[in-house]
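Structural characterization, general
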Amino acid sequence: MTSQTTIETLSNEILLYIFSHLSWTDLLTSLWSLNIRFNSLVCSTLSVNSNLLNTGLVFTLGSSYNKLYSTLFPLILNSSCLSSCIQRIHFDERNSIVRDCVYQWLFNDKEILFPNLKSLILTQCRLKEPLIESLVYLIERQLDELILNFAIDNFMVPDCVRKDSPLVIDEKKQTSMMKQLFGLLFSGQCQLKSLQLDINNHFLNQDIHHCLTSHYDPSMDRCFTLRHLDVRMACTCLLENLIERVPNLERLSVHFQSSLDFDSLWKINPDILEQSNENWFNKIPKLRCFSLNISVDNNREFTYLKWLLNNVDYVEKLEIHLKNYERQKTESSNIWKSFIDANFVRQYCLPDKIINLIDFNFYICSQYELSTDDIETTINSFNNHPFFLDHQWTNVKCLYDPIISFQHLFSDFRNSSKFSRHPYKYQNILKWLPTSLGPDQLYPSLSFILQQFQQVNSNVTSMKIYSGEDDDFDQADSMMALQILFTIKQNQTMNLSIRNVTKIQFGTCLDQIIAGTDTSIRRNKISIQVLAHLISMTVQLKYLVVQHFKWLLYAAQYASEELGANTLSTVRYVEFSLPSCHNSSQREILMCKQLVPFLKQYMPYLQTLHIWRPDDFPWTSIRPDYGKKKDDSGRFTYRWLKSLRTSESISRHTTVFKQDLCQLVKNLKELTFLDIHGEIDHEKVESYRLMAQRRFPNSRIDFDLSRFRLWL
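Here's what I pulled together on the structure shown here. Only a predicted model underlies this, so the values are computations on that prediction, with no experimental measurement involved.

**Section: the overall build of the protein**
- For the protein, the count of helices and strands is 27 helices and 22 strands.
- Looking at the 712 residues of the protein, the share that counts as buried comes to 53%.
- Long-range contacts, defined here as pairs at least 24 residues apart, represent 78% of the contacts in the protein between residues at least 6 apart.
- Total accessible area on the protein stands at roughly 32,300 Å², and carbon and sulfur atoms take up 50% of it.

**Points about the side chain of Thr570**
- Along the chain, the position of Thr570 falls in the loop between helix H22 (549–558) and strand S18 (573–577).
- According to the relative accessible area criterion, Thr570 is buried, its value standing at 19%.
- At 2.6 Å, the side chain of Thr570 and the backbone oxygen of Leu541 are in polar contact.
- Those residues in contact with Thr570 that lie beyond four places of it in its chain are Val539, Gln540, Leu541 and Lys542.

**Notes on the environment of Leu305**
- In this fold, Leu305 is placed in helix H13 (residues 299–311).
- What makes Leu305 buried here is its relative accessible area of 0%.
- Once you skip the residues sitting within four places of it in the chain, Leu305 turns out to touch Leu292, Ile294, Ile320, Leu322 and Tyr348.

**Things to note about the sheet that holds strand S1 (residues 57–59)**
- Strand order in this open sheet of 12 strands is S1-S2-S5-S6-S7-S8-S9-S10-S11-S12-S14-S13, and the pairing throughout is mixed. At either end of the open sheet lies a strand with only one pairing partner, and these are S1 and strand S13 (396–401). On average, each strand axis in the sheet is tilted by 5° relative to the strand beside it, whichever way the strands run.
- Of the strand pairs in this sheet, strand S11 (residues 317–323) and strand S12 (residues 359–367) are connected by seven bridges, and their pairing is parallel. Bridging across to S12, Ile320 finds its partner in Phe362.
- Strands strand S5 (119–125) and strand S6 (145–150) of the sheet are contacted by helix H8 (residues 129–141), whose axis makes an angle of about 150° with S5.
- Contacts between helix H15 (residues 372–383) and the sheet are confined to S12, S13 and strand S14 (406–411), with S13 contributing the most and set at about 160° to the helix.

What counts as what
Residues numbered from 1 in each chain as written. Predicted model: local features only at pLDDT ≥ 70, side-chain atom pairs only at ≥ 80, totals over all residues. Heavy atoms only, no water. Helix = DSSP H or I, 4+ residues; strand = E, 2+ residues; numbered from the N terminus. Buried < 20%, exposed > 50% of the residue type's maximum accessible area, 1.4 Å probe, protein only. Contact = heavy atoms within 4.5 Å. Areas by Shrake-Rupley, 256 points an atom, 1.4 Å probe, with all protein chains shown as cover. Polar contact = N/O pair within 3.5 Å; in protein donor to acceptor, adjacent residues only side chain to side chain. Pairing = 2+ DSSP bridges. Axes fitted to C-alpha atoms, helices over the stretch in contact; angles between N-to-C directions.

Note that every value here comes from positions in space, so none of it alone points to a role or purpose.
So this is what it looks like as structure tokens:
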């Protein structure tokens, strides 16, 4: 009996379950066109429109250029059965291939390619006229759900750029298109039911603010279909303008990324707010659920927070994330100096009047020194407070991070989940932590994070661990973390919590400055050992970001037995920095030559490689070895750097870069995307470009002075 006949004996229900765990690319390349029944089941699988991962068509960094354009695109575009079954598409525009897909797929000669598309997700979106045209049509006629997340540098132009520069002109076009888009989103022409926006850009918020407030006609400029709105923003006044436009809203989730002190449009008098009797019931009377994520630094901002909560005192579900990740202010009058307990939560995290509230969750994080007795007092305060006793909201958790003196207080009201899709979402503190940090902000210590994985029922799949000041880990913290890991490894039940982790980010967020920083292995020896043990305990690690490549090398050497041949074989995405190929020590130059052999041995199925460099793109250096000669005056380095712009040097570096790329592609058979951030002289651009085009004629190449990208 053939394998095809064997699988055909399975029922449709079992086959649909199996298909739901396959990517859409695997479904089409392996199962499409086998027979009519399988085609029907593939269409049924792809037609699923839900918030679950991998439903519909998902275009991410792992997409192969050749596979998409030679096989998958023609297959879908030439099959009306396939194109009509798609209800959900997710484009991640960090991959420029995906950007092309957006413009080509949503519209093709003004023809609708996906007539039943209901849900569209655009991550790291860059506004272009074809995209705006497509969105206008879809928003007015077709979509129920739209999720927009804009690229960070979409509206950023360096101060040094001239006003008549193409960059400035493009910025003005982007802003104009954004105004057009927002005018549509919150007008009567919009047919969306659910909208999620990430517009966390101060200058952009100002433009949108003026767009929404000018020429406002209440009878025309309102969206009556929108029920769910989730928005990340930088300006509070934008929120107040938005709610004027969505009278039938039922769920509202708001995330202010930074402190209100950074809001250039925030000019509200706190005294006026305290005396205000305003309520949003007259504007959005159907609102039942309100979620707020806000960073508060001072008393004036607490006043605004209270005013905001009192405006929604009629909701049935309330969730608040209140935090201050910066080092605490010294003013004795600051409300953050108060003891944070049940009285604090009742006064500052809830409206004055409780009318319909039946579901409440909160998370509070601030710098505050606590003793063991203080923690017990905090928890007991909820058991003794009449309000929380009456509502049966007494089960809270209070955790203390002694390394940075931070208190984490959050609810664990398991009986309070009427409106929640995930009733037990917040049992683990890691679910509450920020996804990114700004300058001078504090993040929980390494040992504190690992302690949370000692929970038996931890279902956390992503772990972010930031280094401290000067990009070094605290030694005492690292020792504690190592002891915690040993305890977890010895307990099979606890060990299961780390086995679920699929993504690890270890170290400071990467950029070119970090790439040029000489971070000592000696100072971070213990923390890198923690990384080694951590990696060895995972079984399905897919995404790995490490501050320095040399940390990975040391981790592999330290735990050579535990990091066997298959430990990192599940990794599909890796990102790290490499030292300079011009100014580094001879030891670091030799270390860079181990890049490809290391990846071949430990990550043979790698799909995406993201490298940060402080200078040139090749990782193999051809700088002369000074040997024992001292270069205290820098004369050898100066001569070398001066020679880099000569035609001979450019030719040699082009050859070395070609050899590096060929070696990488030859040894990593599954590689689909290479992304290198660096900095080169403009004289090298054309030479590098021609070399790459000749060597990879069937691949896509994107090239400029600071970035090289290759899609295979």
